[in-house]
Amino acid sequence: MATTDYQIFFTKNLLDWHAGHHRPMPWKGERNPYLVWLSEIILQQTRVEQGLPYFERFKMAYPTVTDLANAPEDEVMKLWEGLGYYSRARNLHATAKHIANELNGIFPATYEGLRSLKGVGDYTAAAIASFAYDLPHAVVDGNVYRVLSRYFGIATPIDTTEGKKLFAALAQGLLEIADCGLRIAEGPNPQSAIVNPQYNQAIMDFGASQCTPAAPRCHSCPLQAHCEAFKQKKTAELPVKSKKLERRQRFFNYLIINWKGQVFIKKRSEKDIWQNLYDFPLIETDALQEGRLFLTKNKTCQTWLGESDWRLLRASPPQRQELTHQRIVATFWELEVLDNFSTKEKNWVAVEREKLANFAFPKVIDLYIKQKFLPLELF
Ligand code: SF4
């Protein structure tokens, strides 16, 4: 078959498959660009099952972009808590403010206009452009890379400029073939501006449920007859990435300082992970610390605790959280200080233990609070 025949086979069978495998989701068929944008930001790097309740929660709390723009930042971060990649929440809020205040609450209606929004990359701009406005832009996300690299047997690494260009052009060509098929099906008077509204959704759903990363369902696959990866037994090798993911390991020591029934927390303002979330006073070290000697020898700890009387209540076993490029190993040191304690740390806030639930914390801290942070009398 000529290359174009493979492409026609691909689009036709993909669309037929989609017609019989419709996965209803609250954002599917949505035409409101605000809700399409909201769903796409929530679903970045997130499984559908995990993102779904967050989408419902945000939609309920902020029915319009202006409602989101007017919400306090701490409230938005709290609603986002547990979803990870918190820069998405900060960008979401900043973009809502920009649209509400600078663009009169109206979303841009072009790919370029959408792409210029904070937190909106090529994929998200294409998704909003096609789902909300029927504009002919092919989406290229992880699912699309996987399906295309396998079906066409392309080993060009997807994380290189060359790979990105190649897959974007291929995806766009396939979208145009799908559009063309729609025009032919429409008969002699096609609406030439229309794009096939199913195509982008079809390829993403196909990657999510049929051509999955670890165990693709090749034996029930409608593309199998011409799939290069299947023919060459290379499904496990495709797609190719050039860089191996390396995670930097960081050791966080959180001091939970109990003082008059309260503990100290602080907002993370530095340019680092978890910006604008809350955490406890933190001492980062080069290695895992064990034993109370760490508290008595560490200079920062000495400065914080000063001359006050304190005692160690407990130290947690190391708690881990994996981020894309970092592995956080956190130890929670629970201390009690006597009434003569005072602090010069301006950004520390004393909060009653039962009110901690009102603040947004990183996952590793949130889990610790929920599972291990028992009332003191239980120790
Ligand atoms: S045959 Fe297997 S690898 Fe090829 S597209 Fe289908 S599910 Fe993916």
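Conventions used here
Residues numbered from 1 in each chain as written. Predicted model: local features only at pLDDT ≥ 70, side-chain atom pairs only at ≥ 80, totals over all residues. Domains from an automatic or database assignment. Contact = placed C-beta atoms within 7 Å. Helix = DSSP H or I, 4+ residues; strand = E, 2+ residues; numbered from the N terminus. Nonpolar A, V, L, I, M, F, W, Y, C, P; charged D, E, K, R; others polar. Near = placed C-beta within 6 Å. Expected span 1.5 Å × (residues − 1). Core = buried A, V, L, I, M, F, W, Y, C linked by C-beta atoms within 7 Å. Buried ≥ 20, exposed ≤ 12 C-beta atoms within 10 Å, placed from the backbone.

**Side note on the domain arrangement of the chain**
Splitting the chain by domain gives domain 1 (3–231) and domain 2 (248–378). Using only C-alpha atoms to locate each centre, domain 1 and domain 2 end up separated by 40 Å. On the side of domain 2, eight residues touch domain 1, which itself brings 10 residues to the contact. Tallying contributions element by element places helix α5 (residues 73–80) first for the side of domain 1 that touches domain 2, with five residues. Counted by class, the side of domain 1 that touches domain 2 contains three nonpolar, two polar and five charged residues.

**Things to note about the site of the ligand**
With respect to spatial proximity, 15 residues lie near the ligand, and among them C211, P216, C218, C221 and C227 are the closest. Taken together, the elements giving at least two residues each to the shell around the ligand come down to α9 (142–152) and α12 (228–231). Broken down by class, the residue content of the shell around the ligand amounts to 10 nonpolar, three polar and two charged.

**Things to note about helix α6 (residues 87–102)**
The end-to-end C-alpha distance of α6, which contains 16 residues, comes to 21 Å, matching closely the 22 Å that a straight helix rising 1.5 Å per residue would cover. Looking at the buried positions of α6, the neighbouring elements they touch are α2 (33–43), α4 (65–70) and α5. N104 lies just past α6 and shows a positive phi near 55°.

**A word on the environment of M77**
Tracing the backbone shows M77 in helix α5. Counting along the chain gives 13 residues from M77 to R90, while the straight-line C-alpha distance between them is 7.7 Å. In this structure M77 touches A89, N276, L277 and A360, once residues within four positions along its chain are discounted.

**Here we look at the nonpolar core**
Judged by nonpolar contacts, the single largest core of 87 residues is most densely connected at I128, V144, L148 and I256. Tallying contributions element by element places α2 first for this core, with eight residues. Counting contributing residues, this core receives three or more from each of domain 1 (3–231) and domain 2 (248–378). Setting aside anything within four residues of it in sequence, one finds I256 in contact with V263, F280, F332, W333, E334 and L335.

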